[in-house]
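# Structural overview
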Amino acid sequence: DKGYREQTEMVYGITINRVEKSVNVIFRGSRTPSDWAANKNFNGLAVPNPVKDLAQFANDSSLPKEVHLHAGFYEYLHRNDGTAKGIFETLMPIMGKHPGFSLLVTGHSMGGALASLFAISAACRDDIPKPVKCITHAQPLVGDKYLLQSVRELELSNNLLLLRTRNYEDG
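Small disclaimer: the values here were computed from a predicted structure and weren't measured. (Residues numbered from 1 in each chain as written. Predicted model: local features only at pLDDT ≥ 70, side-chain atom pairs only at ≥ 80, totals over all residues. Heavy atoms only, no water.)

## Quick word on the packing of helix 2 (residues 33–40) against helix 3 (residues 71–78)
We apply this condition: Every axis in this analysis is a line fitted to C-alpha atoms, fitted for helices over the stretch in contact. Angles between the N-to-C directions lie between 0 and 180 degrees. Numbering of helices and strands runs from the N terminus, with a helix taken as a DSSP run of H or I at least four residues long and a strand as a DSSP run of E at least two residues long. Our angle categories are set so that under 35 degrees counts as roughly parallel, over 145 as roughly antiparallel, 65 to 115 as roughly perpendicular, and the remainder as oblique. Here a residue-residue contact requires only that any non-hydrogen atoms of the pair lie within 4.5 Å. Throughout this entry, Asp, Glu, Lys and Arg are counted as charged residues, while Ala, Val, Leu, Ile, Met, Phe, Trp, Tyr, Cys and Pro are counted as nonpolar. The remaining residues, Gly among them, count as polar.
In contact at an axis separation of 6 Å, helix 2 and helix 3 are set at 135° when each is read in the N-to-C sense. In terms of orientation, helix 2 and helix 3 fall into the oblique class. Contacts between helix 2 and helix 3 involve Ser-34, Asp-35, Ala-38 and Asn-39 from the former and Gly-72, Phe-73 and Tyr-76 from the latter. For the contact of helix 2 with helix 3, the per-class residue count stands at three nonpolar, three polar and one charged.

## Comments concerning the confidence of the model for the protein
As a reminder of what qualifies: Predictor confidence is given residue by residue as pLDDT, running from a minimum of 0 to a maximum of 100.
Averaged over all residues, the pLDDT of the protein equals 87, while 89% of them reach at least 70. Taken together, the stretch residues 1–5 has pLDDT below 50 and engages in two contacts with residues farther than four places along the chain or on a different chain.

## Points about the sheet that holds strand 1 (residues 12–17)
How we decide: Only strands joined by at least two bridges in the DSSP assignment are considered to pair.
Taken together, the five strands give an open sheet; going across it, the order is 1-2-5-6-7, and neighbouring strands pair in mixed fashion. Looking along the sheet, the strands with just one partner apiece sit at the ends: strand 1 and strand 7 (160–165). Strand-to-strand twist of the sheet, defined as the mean angle between neighbouring strand axes without regard to direction, takes the value 15°. Judged from the five bridges that link them, strand 5 (residues 102–108) and strand 6 (residues 132–137) form a sheet pairing that is parallel. Each residue of the ladder has a partner; that of Gly-107, found in strand 6, is Thr-136. Along the sheet face, helix 5 (residues 110–123) touches strand 2 (22–27), strand 5, strand 6 and strand 7 and points at about 155° away from the line of strand 5.

## What about the packing of aromatic side chains?
Keep this limit in mind: Aromatic contacts are taken between Phe, Tyr and Trp rings whose centres are within 6.5 Å, Trp giving its six-membered ring; a plane angle under 30 degrees counts as stacked, one over 60 as edge-to-face, and the others as tilted. A simple rule labels every residue: compare its accessible area, found with a 1.4 Å probe on the protein chains alone, to the largest value its type can have, and call it buried under 20%, exposed over 50%, or partly exposed in between. For a Lys NZ or an Arg CZ to count as sitting over a ring, it must be within 6 Å of the ring centre and within 35 degrees of the ring normal.
Under the definition given, this model contains three aromatic pairs. Here Phe-88 and Phe-118 contribute two aromatic rings whose centre-to-centre distance is 4.6 Å and whose plane-to-plane angle is 25°, an arrangement assigned as stacked. Here Phe-88, found in helix 4 (residues 87–96), pairs with Phe-118, found in helix 5; they are 30 residues apart in sequence, far enough to count as distant. Taking the relative accessible area as the measure of exposure, Phe-88 reaches 15% and is therefore buried. In this arrangement the basic side chain of Arg-125 is found over the ring face of Phe-88, its NZ or CZ atom lying 4.2 Å from the centre.

## Some remarks on the pairing of strand 1
Looking at chain direction, strand 1 and strand 2 are connected through six bridges and run antiparallel. Across the sheet, Ile-14 pairs through a bridge with Val-25, a residue of strand 2.

## What to know about the side chain of Ser-22
Applicable threshold: Pairs of N or O atoms within 3.5 Å make up the polar contacts considered here, provided that, within protein, one atom can donate a hydrogen while the other can accept it, and that residues adjacent in sequence are counted only when both atoms are side-chain atoms.
Looking at the element boundaries, Ser-22 is found in strand 2. A polar contact is formed between the side chain of Ser-22 and the side chain of Asn-24, at a distance of 3.0 Å. The residues contacting Ser-22, other than those within four sequence positions of it, are Thr-15, Ile-16, Asn-17, Phe-101 and Ser-102.

In structure tokens:
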């Protein structure tokens, strides 16, 4: 039931822009009670540093072994959505049908937080074309200073291009 899924699960879409030669993953912002519950769960969750998954950073001792993420956003992005396919399992066949296309990830508010975390994960995969581009609007913070340090390395190495826009009084 689409109405039930929309009320209980993360909603994202995947589009193809043949003019710009990009595959786009778009996350929507907060709309449902489960969205707001995820927003409120901002406890730091320690996870292995995803940047260490890239061969070029695997042995980089200057990068932390783990980072702390907003628990609600991380768990929302990684929970079982009741289907047999996760986002990457849906995305990768589409990317395979469009060789030479880049990946653009975007979202607003909580969708921006999910987009940011997803783009970091995508940038840490060897099977995704680089750089992964991510544009977020009014995105809440998603991690600690160790995540920031690691994301900067992804940007400096041209694996990730991240643009976070906000209004003057946004967080």
